[in-house]
Amino acid sequence: MPATVIVGLQWGDEGKGKTTDFLAEQVAMVVRYQGGDNAGHTVVRGDEVFKLHLVPSGVLYPHITSVIGSGVVVNPARLIDELEMLTSRGIDVRRVRVSRAAHAIMPYHVALDRSLESRLGDGRVGTTGRGIGPAYGDRAWRLGLRMEDLLEPPILRERLARALPEKNVLLAAHGLPAADVDALCDLAAGWGARLRDHIDDTTTLVQDALARGDHVLLEGAQGTLLDLDHGSYPYVTSSNPVAGGACTGGGIGPLQVDEVMGVMKAYATRVGAGPFPTELEDGVGEGIAERGHEYGTTTGRRRRVGWFDCVPLRHAVAVNSVSSIMLNKLDILSGVDPVRLCVGYTIDGRRVDGWPSSAASLARATPIYEEFAGWDEPIHAVRSIGGLPANARRYVTALEEHAGVAIVLLSVGPERSQTIERAWRPMRHRPSLPPAGERRASPARAAGPTTAGMGHA
Ligand code: IMP
């Protein structure tokens, strides 16, 4: 079964880095499919902590090809820094591939992101200030630079000459200095020269890997509730973290996806502005933030913390077609009593069980909670569901029931070994499907999933 998508089911920071790291031994390729250096993955290996922003965490394994797909926006200077940091710590980065079609974040994107945020004042999104929105905006406006352009100075100059008159009108309106074609051409050609050996046709790489039957892991950044289409717009990022984004940004078709593993943590966090119905602005939230180290990997900002919310969970399971779940950071709730779980909202006096499409409605939502007795025991050493305190088991069961999908991996600490693995056949299909033999045969499906049509004959 070759392709697994790992997707965040909350507002990002669910611990997807640990999930990828946990599964990495079985896979040949890890593909980042959207976002940019706004993301941050923290991977703990023994005494070593790696903070990665662009390079997929699979890079820590010598057998893995790490791919930055076409759906990612790449700040080339930051990518170079990250590759150098990894090299200086003894990690071989030769297998890192960057899509020729990925767009480059330029210094004016960063400047415009920050300037727009300060202009928006109270209406700001609370972006990471990394130029993500403006870079994706230029991509859609056909004024962007692709990584392949950095390799050919004449084309690079042509692209910059085309884009900069527009950019300079905007920069001037923001009171920012104009961008100069010559200076940017030199800068970007220098990045191109440094990254030449990494820039590649990654769609072909991914398709070839699938055709060989290699295991490919597609790793989303951020989370479903920050999705441009499915999150709480406009308080979202400018790409599609949902599983569908793995197809467009990773270079695969929907029928090549075998498993969608949703990742969530035992409570909620959010960075930046926007409605957060279950937010905790008291000592309980502070305690969780401290114990859970809820500070942004990218900006260092303290994350907002709240109770777990099942309303967006149900939405996220549906829009991603989640087939299995990893639950992270259950250990952080030890000592919290009671533990609350949001199961629905009251909005304008009415009960609402579905995720409101409008951020304005979400801002008026009052959570309806179910209460669970807490547990005091630390659970870092537990390695089976049966070994968890009964109250923790009840909470996990409730999460699973609301999701309607099995929690197959449960993390009780930051290290890879601190994981409860339930009886689970990795990379299986959505459990709610009846066995293949019972499905009505249709021409497309009759031969089952392991056919040449799925790309791994
Ligand atoms: P941007 O992606 O920098 O444009 O920021 C848009 C929104 O997404 C802001 O609320 C950010 O705080 C949030 N965001 C972006 N990346 C991450 C992430 O990796 N984790 C959590 N929130 C993020």
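These numbers were taken from a predicted model, which means no experiment stands behind them. (Residues numbered from 1 in each chain as written. Predicted model: local features only at pLDDT ≥ 70, side-chain atom pairs only at ≥ 80, totals over all residues. Heavy atoms only, no water.)

Asks: Can you help me understand the domain arrangement of the protein in this one?
Replies: Taken as a whole, the protein is organised into domain 1 (3–101 + 197–259), domain 2 (103–195) and domain 3 (264–445). Between the C-alpha centres of domain 1 and domain 3 the distance comes to 22 Å. Across the boundary between the two partners, domain 1 contributes 42 residues, which contact 45 residues of domain 3. Summing the contributions of domain 1 and of domain 3, the shared interface buries around 3,500 Å²; its carbon and sulfur component is 57%. The interface formed by domain 1 and domain 3 holds 3 salt bridges in total. (Domains from an automatic or database assignment. Contact = heavy atoms within 4.5 Å. Buried area = accessible area lost by both parts, 1.4 Å probe. Salt bridge = Lys/Arg side-chain N within 4 Å of Asp/Glu carboxyl O.)

Asks: I'm lost on the packing of helix α2 (residues 76–88) against helix α6 (residues 181–195) in this one. Help?
Replies: The description of two helices packed together rests on the angle between their axes and the distance between the axes. Two elements in contact, α2 and α6, have axes separated by 10 Å at closest approach and are oriented at 35°. α2 and α6 meet at a crossing whose hand is left-handed. Only Trp191, Arg194 and Leu195 of α6 make contact with α2, whose side of the interface consists of Pro76, Ala77, Leu79, Ile80, Leu83 and Glu84. Its residues assigned to classes, the contact of α2 with α6 comprises 7 nonpolar, no polar and 2 charged. (Axes fitted to C-alpha atoms, helices over the stretch in contact; angles between N-to-C directions. Helix = DSSP H or I, 4+ residues; strand = E, 2+ residues; numbered from the N terminus. Left-handed = near helix turned anticlockwise from the far one by under 90°. Nonpolar A, V, L, I, M, F, W, Y, C, P; charged D, E, K, R; others polar.)

Asks: I would appreciate a short explanation of unusual backbone geometry in the present structure.
Replies: Trans is the prevailing form of peptide bonds, just as negative phi is the prevailing case for residues other than glycine. At the junction of Tyr233 and Pro234, the peptide bond is cis and its omega measures out at 5° in the coordinates. With respect to the helices and strands, Pro234 occurs in the loop between β10 (216–219) and α8 (243–250). The residue after Asp337, namely Pro338, is reached through a cis peptide bond having omega -5°. A positive phi angle, close to 60°, is found at Asp13, a residue other than glycine.

Asks: Whenever I open this one, the packing of helix α3 (residues 107–120) against helix α5 (residues 153–173) confuses me. Can you help?
Replies: The N-to-C vectors of α3 and α5 enclose an angle of 25°; their axes lie 11 Å apart at closest approach. One finds that α3 runs roughly parallel with respect to α5. α5 is crossed by α3, and the crossing has left-handed handedness. Between α3, through Tyr108, Leu112 and Arg119, and α5, the contact on the second element is made entirely by Leu160, Leu164, Lys167, Leu170, Leu171 and Ala173. Looking at the contact of α3 with α5 residue by residue, the classes come out as 7 nonpolar, no polar and 2 charged. (Parallel < 35°, antiparallel > 145°, perpendicular 65-115°, else oblique.)

Asks: Even after reading the chapter, I still don't get the pairing of strand β16 (residues 339–347), so can you show me in this structure?
Replies: Looking along a regular strand, one sees the side chains alternate between the two faces of the sheet. Counting buried residues along β16, 7 of its 9 residues qualify, which places the element largely inside the surrounding structure. Bridging between strand β14 (residues 308–309) and β16 involves 2 bridges; their strand directions are parallel. The residue bridging Asp309 from the neighbouring strand is Cys342, located in β16. Of the pairings in the sheet, the one linking β16 to strand β18 (residues 366–372) comprises 7 bridges and is antiparallel in character. Considered in β18, the bridge of Val339 is made with Phe372. Examined bridge by bridge, β16 and strand β17 (residues 350–352) share 3 bridges and lie antiparallel to one another. In the strand pairing of β17, Tyr345 is matched with Val352. Here β16 folds back onto β17, and the loop between the two strands holds 2 residues, one of which, Asp348, carries a positive phi near 50°. (Buried < 20%, exposed > 50% of the residue type's maximum accessible area, 1.4 Å probe, protein only. Pairing = 2+ DSSP bridges.)

Asks: Looking at this structure, how should I read a negative patch on the surface?
Replies: A cluster of like negative charges, contributed by Glu281, Asp282, Glu286 and Glu290, occupies part of the molecular surface. Relative to the elements of secondary structure, Glu290 occurs in helix α9 (residues 283–291). (Patch = residues over 30% accessible without salt bridge, like charges linked within 9 Å, V, L, I, M, F, W, Y side chains within 5 Å. Areas by Shrake-Rupley, 256 points an atom, 1.4 Å probe, with all protein chains shown as cover. Lys, Arg positive; Asp, Glu negative; His and termini not counted. Charge placed at Lys NZ, Arg CZ, Asp CG, Glu CD.)

Asks: Explain the pattern of salt bridges here, please?
Replies: As enumerated under the stated definition, the model contains 24 salt bridges in all. Between Asp21 and Arg416 there is a salt bridge, with the nearest N and O atoms lying 3.1 Å from each other. Of this pair, Asp21 sits in helix α1 (residues 16–23) while Arg416 is found in the loop between β19 (407–411) and β20 (419–421), placing the two residues 395 residues apart along the sequence. Overall, Asp21 belongs to the buried group, its relative accessible area being 3%. Residue classification places Arg416 among the partly exposed positions, given a relative accessible area of 22%. What you see here is one network of salt bridges that share partners, running through Asp13, Lys265, Glu294, Arg303 and Lys329.

Asks: How should the site of the ligand be read in this particular structure?
Replies: Near the ligand you find 16 residues, and of these Asp13, Asn38, Thr128, Thr237 and Val271 are the closest. Within the side chain of Gln222, one N or O atom sits 3.2 Å away from a nitrogen atom of the ligand. Starting from 470 Å² of accessible surface for the ligand in isolation, the protein chains cover 96%. For the shell around the ligand, the class distribution of residues is 7 nonpolar, 7 polar and 2 charged. (Near = heavy atom within 4 Å. Polar contact = N/O pair within 3.5 Å; in protein donor to acceptor, adjacent residues only side chain to side chain.)

Asks: Explanation requested: the environment of Val27 in the structure shown.
Replies: With respect to the helices and strands, the residue Val27 is situated in the loop between α1 and β2 (29–32). When its relative accessible area of 2% is taken as the criterion, Val27 is described as buried. C-alpha separation for the pair Val27 and Phe276, spaced 249 residues apart in sequence, amounts to 36 Å. If sequence neighbours within four positions are ignored, Val27 has contacts with His63, Ile64, His215 and Leu217.

Asks: Looking at this model, I keep getting lost on the side chain of Ser232. Mind explaining?
Replies: By the secondary structure assignment, Ser232 is in the loop between β10 and α8. A distance of 3.4 Å separates polar atoms of two side chains, one belonging to Ser232 and the other to Arg270. Here Ser232 is in contact with Trp11, Leu225, Arg270, Trp355, Ala359 and Leu362, once residues within four sequence places are set aside.

Asks: What is the right way to read the sheet that holds strand β7 (residues 96–99) from this model?
Replies: In sheet architecture, strand pairing relies on hydrogen bonds along the backbone and comes in two forms, parallel and antiparallel. On the basis of which strands lie adjacent, the open sheet formed by 10 strands has the order β9-β7-β5-β2-β10-β1-β11-β15-β19-β20 and mixed pairing. The sheet terminates laterally at β9 (199–200) and β20, the two strands that pair on one side only. Pairing analysis gives 4 bridges linking β2 to strand β5 (residues 65–68), with the strands arranged parallel. Looking at β5, one finds that Met29 is bridged to Thr65.

Asks: Quick question: what am I supposed to make of the environment of Asn38 here?
Replies: The topology assignment puts Asn38 in the loop between β2 and β3 (41–45). Residues contacting Asn38, with those up to four places away along its chain left out, are Thr128, Arg130, Ile132, Gln222, Thr237 and Thr298. Separated by 2.8 Å, the side chain of Asn38 and the backbone nitrogen of Gly36 make a polar contact. Side chain to side chain, Asn38 and Gln222 meet in a polar contact 3.1 Å long.

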